[in-house]
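A closer look at the structure
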Amino acid sequence: MLLQISPSLRHVTVLPGKGLKEFIKVKVASRRLSYRMLFYSLLFFTFLLRCVFVLTAVDNIDGENKCSSIGCLGKKLRPKILGRSLESNVPEVIYKILDQPLGKDELEQRTDIPQTLEEFMVLIKEGGYDAKTFAIKLREMVTLMEQRTREAKIQEYLYRHVASSSIPKQLHCLGLKLANEHTNNAAARLQLPSAELVPALVDNNYFHYVLASDNVLAASVVAKSLVRNSLRPQKVVLHVITDRKTYYPMQAWFSLHPLSPAIIEVKALHHFDWFTKGKVPVLEAMEKDQNVRSQFRGGSSAIVANTTEKPRAIAAKLQALSPKYNSVMNHIRIHLPELFSSLSKVVFLDDDIVVQTDLSPLWDIDMNGKVNGAVGTCSGEDKYVMSKRLKSYLNFSHPLISQNFDPNECAWAYGMNIFDLDAWRKTNISSTYHYWVEQNIKSDLSLWQLGTLPPGLIAFHGHVHTIDPFWHMLGLGYQESTSFADVKDAGVIHFNGRAKPWLDIAFPHLRPLWTKYIDFSDYFIKSCHIKAL
């Protein structure tokens, strides 16, 4: 074997020889070759040692828990040259100081802590501090900044919670004016739909849509966008379900703003026979859930006062207090087979969506015997919206969850769903839903924290048919980085999240997709000062 190294060190060649003995045999007459080999060997090992030293230094900077394999080897070898260690005493002093916890009380009313990096550098240069004092000042400044950042984040989450949970005065005004109009104007009290169109409400030859909402303005946008983009509006039947307090304003709006030739039905929950007979599981679950939340969460003041939890955890708990999670409008979808006993198939729409295309092709989708046609939410790179699996919603540290479900199974979206009611009636989906809601209440909300989607994921488990993402684009209320071009190309867009389009915290570049379906010259809209912004 023969090892050849080029003078430029760019090429190393191993040639076969007659054996190991021939390789190690060195003739006295070939001294020039032996010196060259010795020189290149020393040069090679010097280069190798330098690499080990550099990697060791980099790993020391990264910290003890981050260590590459070669770097770790360098640490273990800890080479020394002329008895001098390559490690410095200065970093050890700094690490030791920075590792010491610093309480909030120690920084209160301190005026000698630098407020900016520029002040810190000036102080260090003028003071001539050693490494220990440098580390102490650095720790104080960074800790103070962390505390202020945390407080600012929590305040931001609190303000967003208040803004998203409150009813804007413009919407409150709209409800009051429409209620007054219902009382004083016979045209606002029309039967919806008219008597000759009532048979269409149970005719399965029509396209039936269900919208549950207590927000008149939001419901009007959903209805208008649905009908305007329909290729066969005369075949559209929209069933608007609302609560008792919103029924009269909702009826007044759709009486005064007909969407002919589409058929609009406005009905309050107390108008359904099924809802008024016996016990209604969803109402009982809501009452228990509200009691547990009030005791377990302690209200927004108690949540914000927590000094140990991270801001994101506090934000999640604040969001759990949102009134929508205890709204009957949010839970009622689980009883669609009972509410619409004569219908075979419906498309359920949330009130924070906008329809941008004709939805009649949804009736042609072969559901393969499944109950729920929904868009899957584990097919994209967006970690906030389209990278959701069951572990994103359910607490898999709880044995009741971990023993029954796969954490990596794909989740799906509520908001625009095709429900085969005939197939649904052959299952125990509704009872499964209520069973798991009860289990969550008994476990002090430890199975999941938010909303109706987690129990929905469980109840419809095995009954979901995934449809094309074109039909339902999510996340317009979560992040303003959503591409406007992508949004325009979606069939249905969903403002799920806190930044609802009717709130001041809505994202400005996305809000016009919603406001384009509002007539700002309308008397009621103008009189309540509802503007496009």
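Look up a bit, the structure's there.
Notes on the structure in this doc start here. (Residues numbered from 1 in each chain as written. Predicted model: local features only at pLDDT ≥ 70, side-chain atom pairs only at ≥ 80, totals over all residues. Heavy atoms only, no water.)

With respect to the packing of helix 7 (residues 169-184) against helix 9 (residues 244-256)
- The geometry of helix 7 relative to helix 9 is characterised by a closest axis approach of 8 Å and an angle of 75° between their N-to-C directions. The angle between helix 7 and helix 9 falls in the class roughly perpendicular. Together, Leu174, Gly175, Leu178, Ala179, Glu181 and His182 of helix 7 and Tyr248, Pro249, Gln251, Ala252, Trp253 and Leu256 of helix 9 make up the contact between the two elements.
- Across the contact of helix 7 with helix 9, the residue classes tally to eight nonpolar, three polar and one charged. (Axes fitted to C-alpha atoms, helices over the stretch in contact; angles between N-to-C directions. Helix = DSSP H or I, 4+ residues; strand = E, 2+ residues; numbered from the N terminus. Parallel < 35°, antiparallel > 145°, perpendicular 65-115°, else oblique. Contact = heavy atoms within 4.5 Å. Nonpolar A, V, L, I, M, F, W, Y, C, P; charged D, E, K, R; others polar.)

A look at unusual backbone geometry
- In the segment running from Leu192 into Pro193, the intervening peptide bond is cis, with an omega of 0°.
- Note that Pro193 resides in the loop between helix 7 and strand 5 (207-212).
- Between Ser260 and Pro261 the backbone carries a cis peptide bond, its omega angle lying at 10°.
- Tracing the backbone shows Pro261 in the loop between helix 9 and strand 7 (263-268).

Considering the environment of His463
- For His463, the position within the fold is in the loop between helix 19 (453-459) and strand 12 (464-467).
- The class of His463 is partly exposed, set by a relative accessible area of 22%.
- When the C-alpha atoms of His463 and Met367 are compared, they prove to be 9.7 Å apart, with 96 residues separating the residues in sequence.
- Discounting residues that sit within four places of it in the chain, His463 has contacts with Lys370, Val371, Asn372, Thr427 and Ile429. (Buried < 20%, exposed > 50% of the residue type's maximum accessible area, 1.4 Å probe, protein only.)

So, the pairing of strand 6 (residues 236-242)
- Most of strand 6 is tucked away, with seven of its seven residues classed as buried.
- A two-sided burial pattern is seen for strand 6, the buried positions comprising Val236, Leu238, Val240 and Thr242 on one face and Val237, His239 and Ile241 on the other.
- In the sheet, strand 5 pairs with strand 6 via six bridges, with the strands oriented parallel. Paired with Ala212 across the bridge in strand 6 is Ile241.
- In the classification by handedness, the crossover that spans strand 5, the intervening helix 8 (residues 216-228) and the parallel strand 6 is right-handed.
- In terms of handedness, the path from strand 6 via helix 9 over to strand 7 forms a crossover that is right-handed. (Pairing = 2+ DSSP bridges. Right-handed = clockwise from strand over helix to strand, strands pointing away.)

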